[in-house]
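Working through the structure, step by step
Here is what each chain is made of, one letter per residue.
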Amino acid sequence: MSIVSSGKLIIVAGPSGTGKTTIVRHLLGVFPRLAFSISACSRPMRPNEREGEDYYFLTQEQFKEKISKGDFIEWEEVYPGSFYGTLRSEVERLWKAGRHVIFDIDVKGALNLKKHFPEQSITIFIQPPSVETLMQRLKDRNTESPGILEQRIGKANLELSFAPQFDKMVYNIELDKAFKESVDIVSNFLGDK
Ligand code: 5GP
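The notes below deal with the structure included here. Everything numeric here is computed off the predicted structure, so don't read it as measured data.

**A few points about the site of the ligand**
Contacts to the ligand come from 17 residues, most closely from Ser-39, Arg-43, Tyr-55, Tyr-84 and Asp-106. In this structure, an oxygen atom belonging to the ligand sits 3.3 Å away from a side-chain N or O atom of Arg-46. In this structure, an oxygen atom belonging to the ligand sits 3.1 Å away from a main-chain N or O atom of Gly-85. The protein chains hide 94% of the 510 Å² of surface that the ligand would expose on its own. When residues of the shell around the ligand are traced back to their parent elements, those giving at least two are β5 (72–79) and β6 (82–87). Ranked by residue count, the leading element in the shell around the ligand is β5, at 4 residues. Taken together, the residues that form the shell around the ligand break down as 5 nonpolar, 4 polar and 8 charged.

Written out as structure tokens, the structure reads:
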């Protein structure tokens, strides 16, 4: 790992449907020095998404080429055929700009990043109120086809089993409380705003 920086990493993970993206957005609003790490991914762009804002959208071939060139700090095939990864260039870009970096990534990617940057990073696991609520949220959201929904439910159960390996846990039962707990964790970790 050749990146050297005083920038810190706030790594937020948890199953799809726990509200982690909402919490990450809130943290970005509270801490001006935080910047969002835009991942690369090989899934198709959704109608409400923009290239270079939500993700850098790549074909599977482009993604694999970047893997072979060592362009990723971490990457995972999060769902069969759908690759997601953190680009070295993205983190370097944000650190050069004097920012701390916040990540919204899957649990395995989160723990891998922490291994790369043990001193500079904190991992936060967002817990749903219950497994039943999580399943209902995934169904209500249902932005994907039924097959994909099944995949996401299976993945969510697997992800929940990784929670004990995280530095901090936030239960998203009431959003306001989850916001406050997350802000306190990040504030303590950064030591400033
Ligand atoms: P979605 O397709 O719903 O945007 O994201 C699917 C999953 O991929 C989410 O759990 C998201 O956090 C995760 N993800 C997004 N970017 C990355 C990344 O760079 N690396 C890894 N390992 N997972 C990611």
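Having seen the structure, we can now continue with the description.
**Some words on the environment of Ala-13**
Residue placement: Ala-13 occurs in strand β1 (residues 9–13). Exposure remark for Ala-13: the relative accessible area of 0% places this residue in the buried category. The spatial distance from the C-alpha of Ala-13 to the C-alpha of Ile-105 is 5.5 Å, given a sequence separation of 92 residues. Among all residues touching Ala-13, those that are not within four sequence positions of it are Lys-20, Ile-105, Asp-106, Val-107, Ala-110, Ile-124, Phe-125, Ile-126 and Phe-166.

**Observations regarding a nonpolar patch on the surface**
Nonpolar side chains collect at one region of the surface, where Met-169, Tyr-171 and Ile-173 lie side by side and expose about 310 Å² of accessible area between them. Within the secondary structure layout, Tyr-171 lies in strand β9 (residues 168–171). On the basis of relative accessibility, which here comes to 41%, the residue Tyr-171 falls in the partly exposed class.

**Observations regarding the packing of aromatic side chains**
Across all of its chains, the model carries 7 aromatic pairs by this definition. Measuring from centroid to centroid gives 5.7 Å for Tyr-55 and Phe-57, while their planes differ by 70°, and the two rings are edge-to-face. By the burial criterion, Tyr-55 is buried, and Phe-57 matches it. Ring centres 5.4 Å apart and planes at 90° place the aromatic pair Trp-95 and Phe-117 in the edge-to-face group. Note that Trp-95 is positioned in helix α3 (residues 88–96) and Phe-117 in the loop between α4 (107–116) and β8 (121–127), a separation of 22 residues in sequence. Put simply, the rings of Phe-63, Phe-72, Trp-75 and Phe-83 touch in pairs and so form one group of aromatic residues. One Lys or Arg, Lys-8, reaches over the ring of Phe-189 and ends 5.0 Å from the middle of that ring.

Conventions adopted
- Residues numbered from 1 in each chain as written.
- Predicted model: local features only at pLDDT ≥ 70, side-chain atom pairs only at ≥ 80, totals over all residues.
- Heavy atoms only, no water.
- Near = heavy atom within 4 Å.
- Polar contact = N/O pair within 3.5 Å; in protein donor to acceptor, adjacent residues only side chain to side chain.
- Areas by Shrake-Rupley, 256 points an atom, 1.4 Å probe, with all protein chains shown as cover.
- Helix = DSSP H or I, 4+ residues; strand = E, 2+ residues; numbered from the N terminus.
- Nonpolar A, V, L, I, M, F, W, Y, C, P; charged D, E, K, R; others polar.
- Buried < 20%, exposed > 50% of the residue type's maximum accessible area, 1.4 Å probe, protein only.
- Contact = heavy atoms within 4.5 Å.
- Patch = residues over 30% accessible without salt bridge, like charges linked within 9 Å, V, L, I, M, F, W, Y side chains within 5 Å.
- Salt bridge = Lys/Arg side-chain N within 4 Å of Asp/Glu carboxyl O.
- Phe/Tyr/Trp six-rings, centres within 6.5 Å; stacked < 30°, edge-to-face > 60°.
- Lys NZ or Arg CZ within 6 Å of the ring centre and 35° of its normal.

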